[in-house]
Amino acid sequence: WGSRKNWPREVGSPLSGPMSSHPPVSPKLSRDRAPGGGDGGRCTIVVKVGTSSILRGDSGTLALSTLACLVETLATLRARGHDVVLVSSGAVGVGCQRLGLAERPKRLAELQAMAAIGQPHLMRYYDEFFSALRQPIAQVLLSADALDSRSGYRNAQATLDELLRRGVIPVVNENDSVAISELRFGDNDTLSALVAVLVGASHLFLATDVDALYTANPHVAPPPGQPPAEPIREVADVCEALARAEEAAAGGGGSGSAWGTGGIATKLRAARLAAAAGVTTVIHSAQEPGAVAAVLGGACDVGTRILPQPSSVASHKRWLLALPPASGTLTLDAGACKALARGNSLFFAGVSAVTHPFCERDAVRVLDSAGRELARAVVNYGSEACAALAGRQSREIFDELKYHGPDELAHRRNIVLLTAAAGEAVNG
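Residues numbered from 1 in each chain as written. Predicted model: local features only at pLDDT ≥ 70, side-chain atom pairs only at ≥ 80, totals over all residues. Heavy atoms only, no water.

J.: Tell me about the packing of helix α5 (residues 150-165) against helix α6 (residues 188-199), and please be specific about residues and values.
T.: Where α5 contacts α6, the two axes come as close as 9 Å, and the packing angle between them is 75°. Here α5 is positioned roughly perpendicular relative to α6, judged by the angle of their axes. In contact with Y153, A156, Q157, L160, D161 and L164 of α5, α6 contributes V197, L198 and V199. Split by residue class, the contact of α5 with α6 holds seven nonpolar, one polar and one charged. (Axes fitted to C-alpha atoms, helices over the stretch in contact; angles between N-to-C directions. Helix = DSSP H or I, 4+ residues; strand = E, 2+ residues; numbered from the N terminus. Parallel < 35°, antiparallel > 145°, perpendicular 65-115°, else oblique. Contact = heavy atoms within 4.5 Å. Nonpolar A, V, L, I, M, F, W, Y, C, P; charged D, E, K, R; others polar.)

J.: I'd like a description of the sheet that holds strand β1 (residues 44-49), backed by residues and values.
T.: Taken in spatial order, the eight strands of this open sheet run β3-β4-β2-β1-β5-β9-β10-β8, and their pairing is mixed. Strands at the two margins of the open sheet, each flanked by one partner only, are β3 (137-142) and β8 (234-235). Judged from the three bridges that link them, strand β9 (residues 280-285) and strand β10 (residues 304-306) form a sheet pairing that is antiparallel. Looking at β10, one finds that I283 is bridged to T304. Against the sheet, α6 engages β1, β2 (83-88), β3, β4 (169-174) and β5 (203-208), with an angle of about 170° to β1. (Pairing = 2+ DSSP bridges.)

J.: Let's hear about the nonpolar core: which residues, and what values?
T.: V46, L142, V172, V195, L204, L268 and L321 are the most contacted members of the largest nonpolar core, which has 54 residues in total. Contributing elements (two or more residues each) for this core: β2, β3, α5, α6, β5, α7 (238-253) and α8 (264-276). Residue contacts for L268: discarding those within four places in its chain leaves L213, V238, A241, L242, A245 and I306. By size, the runner-up hydrophobic cluster in this structure holds 34 residues, among which are C43, L74, A75 and Y126. (Core = buried A, V, L, I, M, F, W, Y, C linked by side-chain atoms within 4.5 Å. Buried < 20%, exposed > 50% of the residue type's maximum accessible area, 1.4 Å probe, protein only.)

J.: So what about the packing of aromatic side chains? Which residues, and what values?
T.: Geometrically, a pair of aromatic rings is defined through the distance of the ring centres and the angle of the planes. Counting across every chain of the model gives two aromatic pairs. Between the aromatic rings of Y126 and F130, the centroid separation amounts to 6.5 Å while the plane-to-plane angle is 35°, which identifies the pairing as tilted. Of this pair, Y126 and F130 both sit in helix α4 (residues 108-132), four residues apart, roughly one helical turn. Note on F130: relative accessible area 0%, which makes it buried. Its end group placed over the ring of Y125, R124 keeps NZ or CZ at 5.4 Å from the ring centre. (Phe/Tyr/Trp six-rings, centres within 6.5 Å; stacked < 30°, edge-to-face > 60°. Lys NZ or Arg CZ within 6 Å of the ring centre and 35° of its normal.)

J.: Quick one: what's the story with the pairing of β5, residue by residue and with numbers?
T.: Most of β5 sits inside the fold, with six of its six residues counted as buried. Side-chain alternation along β5 places H203, F205 and A207 on one buried face and L204, L206 and T208 on a second face that is also buried. Across five bridges, β1 lies against β5 in parallel orientation. Opposite V47, over in β5, you have F205 as the bridge partner. Where β5 and β9 come together, six bridges link them in parallel fashion. Paired with L204 across the strands is T281, a residue of β9.

J.: So, the packing of helix α2 (residues 64-79) against α4: which residues are in play, and what are the values?
T.: Here α2 crosses α4 at 50°, and the two axes come no closer than 9 Å. By the angle between their axes, α2 is oblique relative to α4. Considering how the two elements wind past one another, α2 and α4 form a crossing that is right-handed. The residues of α4 that touch α2, namely those facing L64, L67, A68, L70, V71, L74 and A75, are Y125, Y126, F129 and F130. Of the residues that constitute the contact of α2 with α4, the class distribution is eleven nonpolar, no polar and no charged. (Left-handed = near helix turned anticlockwise from the far one by under 90°.)

J.: Describe the environment of T355, and please don't skip the residues or the numbers.
T.: As for its placement among the helices and strands, T355 is situated in strand β12 (residues 351-355). Residues T355 and C386, spaced 31 residues apart in sequence, show a C-alpha to C-alpha distance of 9.7 Å. When sequence neighbours within four positions are dropped, the list of residues in contact with T355 reads S327, G328 and T329. Within the structure, T355 has its side chain in polar contact with the side chain of T329 (distance 2.2 Å). (Polar contact = N/O pair within 3.5 Å; in protein donor to acceptor, adjacent residues only side chain to side chain.)

Right under this line is the structure:
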């Protein structure tokens, strides 16, 4: 990747001179090729870098050497013909650094103010680094409410597709300055998975401060008689891995850093969304940018690869994955879970519990009896109607609500399963 000894390591003036002799990017590369790199190995990739990877934990300042190395890697991949999207955290952290704050604020208004301060400065550095390599970029700030309809999803998709068609690398972040707590993606791991769905990516790379998933905590000596922690190179069942990560977090494992919001569980939730859309997720170290090219080249000993579902969500239903789920949940009995797995619609008779308020046409989380998230569904009724009709037959809808509504609580075309075992029928 070239010598970095003369590159600045703290926040200062952006680099003004050229860093490489890469040729300028052609703006006419067509995107009319199948996802997954069928055309000469070229593919669409999304790379997400977290706050803890681009900010120094001791000072909260930008780690410019890491940033520059990341930029050169992405520019090189773009020059090789790959379509590249960068999802970057760090706006709040940079805002805190600009104002000399010693710790991340807690109140929403403070966080939004820090994002407003930090986002233009973060983009300034990205622009300077990419410009030195003659690689055009674009800032794309997404909000959850912009993706809460099929038309909004398609508008965002069309914008990203046009940028990629013109050879531009979109730099994506959540529009934190105006997002309200009820309508947020929650973390950029989730945002990056949704972006991967939007652009039809073959790979989602989550660059973080760990180099892989491990069988145990690699920073703690194993108990007597137990083997040392080993890296996990491949995960076939992301739902099982997520359940184990959530158990570990509940036991006090914790997540995230002082400046970021992510952890292993959030990355696995993002990978679950990506897997449902047929995207391979790779968790790797941000300090090893060569991991991206290595994985695309077929390496199996880098990071952790999380495999997609054997049967992914059909393209005409993928917009449902981008919907921000309401706080409400529907818990189903065993019979209803089996019916969903066979591709059927969801009816009131299979609902055993309704929690938290939601409205008609909201996307809600669908759980099995053990509390595991089974699916996302856009419902035809609000939470009050669902609670009143839970466990009852569709013919009783008029008697309870005094109007004729759809027989289905959620139609099969508005349901996407998030588990690999049962996804084939309902996700088509």
